[in-house]
Amino acid sequence: MVFSDELKTRRLILVVDDQEINRDLMEMFLSDEYDLLFAENGRQAMELICAHQEMLSIVLLDLMMPVMDGFQVLAAVHEDEALRRIPIIVLTAERSAELRALQMGAADFITKPFDMHEIILARVARIIELSEGRTIIQTAERDALTGLYTGNFFFQYAERFARYHPDCEMDAVVLNIERFHLVNDLYGRDFGDRVLALIGAAIQEQTSETGAIGCRMEADQFCIYIRHSEDYQELLNALQSRLAPVSGNTRIRLRTGVCAKLEGVHDLRGQFDKAKIACDMLRGNYSRNLMYYDMELHHKEVFSEGLVNDIHRAVEQRQFQVYFQPKYAIQGTRPVLRSAEALIRWKHPEYGMISPGAFVPLFEQNGLIQTVDEFVWAETARQIAAWKAEYGFTLPVSVNLSRVDLYDPLLEEKLLDLVERNGLTTHELKLEVTESAYTDDPEQLVARVERLRNLGFEIEMDDFGSGYSSLNMISTLPIDVLKMDMKFIQNVKKGNEKDFRLIELILDIADYLHVPVVAEGVETAEQCEMLRQAGCSLVQGYYFSRPVPPAEFALLIAKEQNERKLEGST
Ligand code: C2E
Ligand code: CA
Ligand code: CA
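Keep in mind it's a predicted model, so treat the numbers as computed, not measured.

Trainee: Can you break down the overall build of the protein chain residue by residue, with the values?
Mentor: The helix and strand tally for the protein chain stands at 23 helices and 20 strands. Against the compact-globule benchmark of 25 Å for 570 residues, the protein chain has a radius of gyration of 32 Å, which places it well outside the compact range. Here the protein chain holds 570 residues, and the buried ones make up 49% of them. Considering only residue pairs separated by 6 or more positions, the protein chain has 69% of its internal contacts joining residues 24 or more positions apart. With the model as given, the accessible surface of the protein chain reaches about 27,500 Å², and the carbon-plus-sulfur share is 52%. The distance from the centre of the 59 positive side-chain charges to the centre of the 91 negative ones in the protein chain is 5 Å.

Trainee: Give me the lowdown on the domain arrangement of the protein chain, citing residues and values where you can.
Mentor: Segmenting the protein chain into domains produces domain 1 (5-141), domain 2 (151-293) and domain 3 (325-354 + 367-569). With centres defined by C-alpha atoms, the gap from domain 1 to domain 2 works out at 31 Å. Listed as interface residues are 18 residues of domain 1 and, on the opposing side, 14 residues of domain 2. Both sides together, the interface formed by domain 1 and domain 2 hides about 1,500 Å², and carbon and sulfur atoms give 56% of it. When the area that domain 1 buries against domain 2 is broken down by residue, the three leading residues are Arg 95, Leu 99 and Gln 103, summing to 40%. Viewed at the interface, domain 2 and domain 1 are joined by zero residue pairs in polar contact (both at pLDDT 80 or more).

Trainee: Give me the lowdown on the site of ligand 1, citing residues and values where you can.
Mentor: Neighbouring ligand 1 are 23 residues; Arg 345, Asp 373, Ser 402, Met 486 and Glu 523 lie closest to it. Within the contact set of ligand 1, an oxygen atom lies 3.2 Å away from a side-chain nitrogen or oxygen of Glu 341. The contact in question runs from an oxygen atom of ligand 1 to an N or O atom on the side chain of Asn 400, over 3.3 Å. For ligand 1, whose accessible area on its own is 790 Å², the fraction buried by protein is 82%. At the level of elements, strand 13 (336-348), helix 14 (356-366), helix 15 (369-391), strand 17 (459-464) and helix 20 (486-491) are the ones that each hand at least two residues to the shell around ligand 1.

Trainee: Any chance you could break down the coordination of the calcium ion (ligand 2) for me, citing the residues and the numbers?
Mentor: Of the protein atoms, only Glu 341 (OE), Asn 400 (OD1), Glu 432 (OE) and Asp 462 (OD) coordinate the calcium ion (ligand 2), at distances of 2.1 to 2.4 Å. Donor residues binding the calcium ion (ligand 2) come from one chain and are separated in sequence as E-x58-N-x31-E-x29-D. Taken as an interatomic distance, the gap from the calcium ion (ligand 2) to the calcium ion (ligand 3) is 4.2 Å; Asp 462 donates to each of them. Taken together, the positions of Glu 341 in strand 13 and Asn 400 in strand 15 (residues 397-401) put the pair 59 residues apart, joining distant regions of the chain. You can call Asn 400 partly exposed: its relative accessible area is 23%.

Trainee: So, the packing of helix 17 (residues 411-421) against helix 18 (residues 442-454): which residues are in play, and what are the values?
Mentor: Where helix 17 meets helix 18, the axes come as close as 11 Å, and the angle between the chain directions of the two elements is 25°. By the angle between their axes, helix 17 is roughly parallel relative to helix 18. The way helix 17 lies across helix 18 gives a crossing that is right-handed. Counting all contacts with helix 17, which are made through Leu 411, Glu 412 and Leu 415, the residues of helix 18 involved are Arg 448, Arg 451 and Leu 452.

Trainee: A description of the coordination of the calcium ion (ligand 3) should follow, citing residues and the corresponding values.
Mentor: Asp 462 (OD), Asp 463 (OD), Glu 520 (OE) and Glu 520 (OE) make up the full set of protein donors to the calcium ion (ligand 3), lying at 2.2 to 3.2 Å. Between the donor residues of the calcium ion (ligand 3), the gaps in sequence give the motif D-D-x56-E. Residue classification places Asp 462 among the buried positions, given a relative accessible area of 7%. The class of Asp 463 is partly exposed, set by a relative accessible area of 24%.

Trainee: Report on the packing of helix 21 (residues 497-512) against helix 22 (residues 525-534), specifying residues and quantitative values.
Mentor: Orientation of helix 21 relative to helix 22, taken along the N-to-C sense of each, is 45°, at an axis distance of 11 Å. When the axis of helix 21 is compared with that of helix 22, the two are oblique. Remark: the crossing between helix 21 and helix 22 carries right-handed chirality. Facing Phe 500, Ile 503 and Leu 507 of helix 21, the residues of helix 22 in contact are Met 530, Leu 531 and Ala 534. Each residue belonging to the contact of helix 21 with helix 22 can be placed in one class, and the counts come to six nonpolar, no polar and no charged.

Trainee: Tell me about the nonpolar core, and please be specific about residues and values.
Mentor: The biggest cluster of nonpolar side chains holds 80 residues, and the ones touching the most others in it are Phe 320, Phe 363, Leu 401, Tyr 438, Leu 531 and Phe 553. Ranked by the residues each element gives to this core, the list is headed by helix 15, at ten residues. What Tyr 438 contacts, discounting residues up to four positions off in sequence, is Val 433, Leu 445, Val 446, Val 449, Met 461, Met 473, Leu 477 and Pro 478. If you look at the next biggest cluster of nonpolar residues, it comprises 57 residues, including Leu 12, Ala 97, Phe 109 and Cys 223.

Here is what the cut-offs are and how they apply
- Residues numbered from 1 in each chain as written.
- Chains lettered and ligands numbered in written order.
- Predicted model: local features only at pLDDT ≥ 70, side-chain atom pairs only at ≥ 80, totals over all residues.
- Heavy atoms only, no water.
- Helix = DSSP H or I, 4+ residues; strand = E, 2+ residues; numbered from the N terminus.
- Rg over C-alpha atoms; globule rule 2.2 N^0.38 Å.
- Buried < 20%, exposed > 50% of the residue type's maximum accessible area, 1.4 Å probe, protein only.
- Contact = heavy atoms within 4.5 Å.
- Areas by Shrake-Rupley, 256 points an atom, 1.4 Å probe, with all protein chains shown as cover.
- Lys, Arg positive; Asp, Glu negative; His and termini not counted.
- Charge placed at Lys NZ, Arg CZ, Asp CG, Glu CD.
- Domains from an automatic or database assignment.
- Buried area = accessible area lost by both parts, 1.4 Å probe.
- Polar contact = N/O pair within 3.5 Å; in protein donor to acceptor, adjacent residues only side chain to side chain.
- Near = heavy atom within 4 Å.
- Donors = N, O, S within 2.8 Å, 3.2 Å for Na, K, Ca; no water.
- Axes fitted to C-alpha atoms, helices over the stretch in contact; angles between N-to-C directions.
- Parallel < 35°, antiparallel > 145°, perpendicular 65-115°, else oblique.
- Left-handed = near helix turned anticlockwise from the far one by under 90°.
- Nonpolar A, V, L, I, M, F, W, Y, C, P; charged D, E, K, R; others polar.
- Core = buried A, V, L, I, M, F, W, Y, C linked by side-chain atoms within 4.5 Å.

As structure tokens, then:
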């Protein structure tokens, strides 16, 4: 039978070592089962490898040799398309050389002085098996775009290294490009690919210098398995500087998460996940590009997990409350209460009052925010109707929409239902959509928001100027009100012309779009007066009131009602 013949074929092994005693030992260990070739240095080895390339099953390669050393052989074999398939096991006494060899494509190690011969036989057999099964899927080993390992192979190699080097302290490093999707959107996929290839090359270069393994995990996420280091800023700077030629005014920024001193081979992927968590924490942070996964982050993660588990009970037990913050029109003779924003609050039985900053982004990631948002909308609609009945005039309130909400096919139906059930019109419930919500899928989301607008809902663009949209995009967005991000007002220091000019610029843009501006985060009388003089229509901020519970907010409405009565009677 063809199969059994094939199985019986003796494999051919090349043993390369300058020490005769080592060649003899290998002959003793292997000659019963394999045919053997021998070389005394790298040059001889290359000649034999080229001559027998079709037949060679494996090369056992010493690293330290005269004439041409093992690293040079590794490099030469690796560079050659045809030779690359031949697996190489490195024979070495020096542990520090192993990672570098692995990085250069070595499949495994045999340490000197030689292990028990059963171990050597087993290792050789396993690598041959692996390589024969693997020739078919070899193209999957490296990522075509960057030349780095692909995820699966990366973990295979890293795990193997960890197993053989239990004493070596290693770190997991994860790199990401800040808002890479925007790079693709603005400059095209080809440009995006060029950026990724450059980073791949830079990582390749850095890792071969330091003896590490790199891979591209997916999209713009890169991983490096590397010997522990106290400082990664230098590595990060080196990678970042390689991007300078293409970066130009597009400012492509890398961010990095590190999980240091990995705990052995167990759950290597989990430890890279931790580095990724650290890396993700840096999203949108322009003052830092390096973060470690430490106890503080660990506690945050545990805390977050806890919150996710608690949400359904929180809804049942009414731990969520809606607070309201007023928006005042400031251009008249007195500030006039015009509308409000509904903001979620969570009174947690264990942690006390949790700010939405701690749970909204978390719930946005896993979609739970929809549950919270729908609760807020329902409460708000009910409240608007109650106040309308009590005070005789409508105070429109805006609610926040998350990106997840915008993908809900029932969104219009749900909002219309709320409006109708409470006897309101769509003009009385306003919707805030943050600028960044549009970035991933602008066309579809714009169409979605436009539909809401056609139903009569007014759209306030939240956090405007926080940097997500380009100017030419803004003119295509459905907007009725522009909410200026609070950092603008908070940046204005006394006498700083530039910061003030930015605010004027935003007011000009709003003018051009024929929409009013709400300035958020206004805390002082001076800020309010400055905005009034600049022509800003509406103000929301601690200066007028913090977000407050409904009963307290009712006092503000009552006050407004009184003012109007007085004005009516004079
Ligand atoms: P946002 O929509 O930009 O809301 C404005 C935030 O600014 C609120 O923070 C408000 O309390 C705060 N703020 C108002 N005036 C001032 C001021 O003068 N100075 C300062 N320093 N801050 C001021 P809050 O309530 O902590 O909410 C934070 C963010 O959480 C909100 O930002 C919004 O993105 C999100 N969020 C809040 N409630 C909801 C909700 O019901 N649904 C969704 N999806 N997100 C919500
Ligand atoms: Ca808002
Ligand atoms: Ca805002």
